[in-house]
2 protein chains.
Amino acid sequence: MTVPLRAASYFPAPRSQRYCSQCGNVLTRRIPDDDNRERDVCDYCGAIHYQNPRNVLGTIPVWEDKVLLCRRAIEPRRGFWTLPAGFMELGETTAQGAARETREEAGAHFELGELFAVIDIPQVDQVHFFFLARLTDLDFSPGEESLEVALFAEADIPWRDLAFRSISTALTLYFEDRTRGAFGVHSRSLPPGVAAPVATVPSS
Amino acid sequence: MTVPLRAASYFPAPRSQRYCSQCGNVLTRRIPDDDNRERDVCDYCGAIHYQNPRNVLGTIPVWEDKVLLCRRAIEPRRGFWTLPAGFMELGETTAQGAARETREEAGAHFELGELFAVIDIPQVDQVHFFFLARLTDLDFSPGEESLEVALFAEADIPWRDLAFRSISTALTLYFEDRTRGAFGVHSRSLPPGVAAPVATVPSS
């Protein structure tokens, strides 16, 4: 019997990289011709390893006057509350990804609504999207990445126990729009320099 | 005198990869524990190489009743007309990247306006953002990736010679909003199966 090789533990590959994914040779950090910023360049096979920000997709799921939140079962910010959200996957649209995360993290049934907020977080190289969503029943339950799922009226939102600034920003915009009786599409950029983490996974 | 090693030619590293960027060993394509889709996994060092869609950022630069377009100097779609746009870089916001591309590709001076359109193109794993922009003078000139830059009234837009479907979609939405006298924020998804390419760089 052969036991397949396994690493002692697994981790998301960080942005810093040493070897070429195409040929396995050592990379050089330099500005390519016809470019104006440093990239990881393979001078053996010629592959240039561009890196780009990532999108995080989520929803604001609503039942009557309450919003659904999930308590995180994973780091970072384990035990803190979040809207259902996660990284955009290949092959999906922003709306499809937001719906997928809502099913995976909250086990919720809902009608997806319009795009509501686009929040830039350049210090972690992420853009967070939130879509409106209307729960169609109260049959929800925590997925593998959630400890619990619950509904909160505006007065009961655990503002001090929210996981990330993008979550508090999206909720604040939502309640403002609900109060004025009209929902727009909001574009915001979060400034750096606040203690609470803003990424939804270990920065990589 | 030593001549630094250089590859015969350079290319953007494609999404398919064989070697771990962290340790240089050969990757395995499999579903990691606690995941539900295949990733490139390094069973030697434990790095999991997630991949995510990329954002393309651009503007709709306007002077009076005319829109600025750039004729592409690079493939794909060399010689076709586009709004100034390009891939989002690390460390910038969507608005900053849209402004940077407008300076780089059109040499334009402008006041950046609001987010106007978010266009999903899942078949090439991209999300395209377009911001409104108002030119502040007529001093513009093609950058390295443009053959020429010119202003077009709505009646003169070269619809058949536009480079990508996201460009025609953004322009159509812009003229519709201008006609009704109010600009919103639009979210669209482009379906697959149309002949014209939709990516702004070689798919990777």
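Since the model is a prediction, treat every value here as computed from it, not as a measurement.

When the parts of a complex come together, some accessible area is lost, and that lost area is often used as the size of the interface. When cut into domains, chain A gives domain 1 (16-51) and domain 2 (54-189). Using C-alpha coordinates to define each centre, domain 1 of chain A is positioned 36 Å away from domain 2 of chain A.

What follows concerns the pairing of strand β9 (residues 110-121) of chain B. All names here are of chain B. As paired strands, β9 and strand β10 (residues 126-135) are joined by 9 bridges and run antiparallel to one another. Among the inter-strand pairings, D120 is bridged to a residue of β10, identified as V127. Linkage of β9 to β10, two consecutive antiparallel strands, is achieved through a turn of 4 residues, within which D125 is found at a positive phi near 55°. Judged from the 4 bridges that link them, β9 and strand β12 (residues 186-189) form a sheet pairing that is parallel. Bridge pairing links I119 to R188 in β12.

On to the sheet that holds strand β3 (residues 39-41) of chain A, then. Sheet architecture is open: 4 strands sit in the order β2(A)-β3(A)-β4(A)-β1(B), paired in mixed fashion. Where the open sheet ends on each side, the last strands, each with one partner, are β2 (28-30) of chain A together with β1 (11-12) of chain B. Pairing of β2(A) with β3(A), which is carried by 3 bridges, proceeds in the antiparallel orientation. Counted as the bridge partner of R30(A) is R39(A) from β3(A).

As a further point, take the interface of chain B and chain A. Opposite the 60 residues of chain B that make contact, chain A presents 60 residues. At the boundary of chain B with chain A, the tally comes to 6 salt bridges. The residue R37(B) makes a salt bridge to E89(A) at a minimum N-O spacing of 3.7 Å. Inspection of the chain B/chain A interface yields 31 residue pairs in polar contact (both at pLDDT 80 or more). Of all elements in the fold, only β1, β3 (39-41), β4 (47-49), β5 (54-63), α1 (94-106), β9, β10 and β12 of chain B reach the threshold of two or more residues within the side of chain B that touches chain A. Classifying every residue of the side of chain B that touches chain A by side-chain character gives 27 nonpolar, 17 polar and 16 charged. Note that strand β1 (residues 11-12) of chain A and β4(B) share 2 bridges and pair parallel. Bridge pairing in β4(B) places F11(A) opposite A47(B).

The two copies are related by a screw motion: chain B maps onto chain A through a turn of 180° and a shift of 0.0 Å along the axis, at an RMSD of 0.0 Å. The transformation just described matches what one would write down for a two-fold rotation axis.

Let us look at the environment of L135(A). Residues and elements named next belong to chain A. Counting through the fold element by element, L135 comes out in strand β10 (residues 126-135). A sequence separation of 74 residues divides L135 from P61, and the C-alpha atoms of the two residues are 6.1 Å apart. Not counting residues up to four positions away in its chain, the partners in contact with L135 are P61, V62, W63, L68, A108, H109, F110, F140 and L151.

Before going further, it helps to examine the UniProt feature "domain: Nudix hydrolase" (unreviewed entry) in chain A. Within this structure's numbering, the places UniProt gives as "domain: Nudix hydrolase" (unreviewed entry) are residues 52-175 of chain A. What you have in residues 52-175 of chain A is 19% helix and 42% strand, and the ends, taken at the C-alpha atoms, are 32 Å apart.

When the terminal C-alpha atoms of α1(B) are compared, their 18 Å separation across 13 residues agrees well with the 18 Å that a helix rising 1.5 Å per residue should span. Taken together, the buried positions of α1(B) are T94(B), G97(B), A98(B), A99(B), R100(B), E101(B), T102(B), E105(B) and A106(B).

Moving on to the packing of aromatic side chains. Counted by the stated rule, this structure contains 13 aromatic pairs over all chains. Ring geometry for Y174(B) versus F175(B): centroids 5.5 Å apart, planes at 70°, classification edge-to-face. On the basis of relative accessibility, which here comes to 5%, the residue Y174(B) falls in the buried class. Since its relative accessible area comes to 3%, F175(B) is described here as buried. An aromatic cluster is defined as three or more aromatic residues linked by ring pairs; in this entry it consists of F116(A), W159(A), Y174(A), F175(A) and F183(A). Positioned above the aromatic ring of F80(A), the side-chain terminus of R77(A) is 3.8 Å from the ring centre.

Leaving glycine out, the prevailing phi sign among residues is negative, and the prevailing peptide bond configuration is trans. Note the cis peptide between E75(A) and P76(A), where omega equals -5°. Of note, P76(A) is situated in the loop between β6 (66-72) and β7 (81-82). The phi torsion at R77(A) lies on the positive side, around 65°, for a residue other than glycine. Among the secondary structure elements, R77(A) is positioned in the loop between β6 and β7. Backbone geometry at D34(B) places phi at a positive 65°, although glycine is not the residue there. With respect to the helices and strands, D34(B) occurs in the loop between β2 (28-30) and β3. Judged by its relative accessible area of 71%, D34(B) falls in the exposed class.

Conventions adopted
- Residues numbered from 1 in each chain as written.
- Chains lettered and ligands numbered in written order.
- Predicted model: local features only at pLDDT ≥ 70, side-chain atom pairs only at ≥ 80, totals over all residues.
- Heavy atoms only, no water.
- Domains from an automatic or database assignment.
- Pairing = 2+ DSSP bridges.
- Helix = DSSP H or I, 4+ residues; strand = E, 2+ residues; numbered from the N terminus.
- Contact = heavy atoms within 4.5 Å.
- Salt bridge = Lys/Arg side-chain N within 4 Å of Asp/Glu carboxyl O.
- Polar contact = N/O pair within 3.5 Å; in protein donor to acceptor, adjacent residues only side chain to side chain.
- Nonpolar A, V, L, I, M, F, W, Y, C, P; charged D, E, K, R; others polar.
- Least-squares fit on C-alpha atoms with pLDDT ≥ 70 in both.
- UniProt positions renumbered as here; feature names shortened; annotations may be inferred.
- Expected span 1.5 Å × (residues − 1).
- Buried < 20%, exposed > 50% of the residue type's maximum accessible area, 1.4 Å probe, protein only.
- Phe/Tyr/Trp six-rings, centres within 6.5 Å; stacked < 30°, edge-to-face > 60°.
- Lys NZ or Arg CZ within 6 Å of the ring centre and 35° of its normal.

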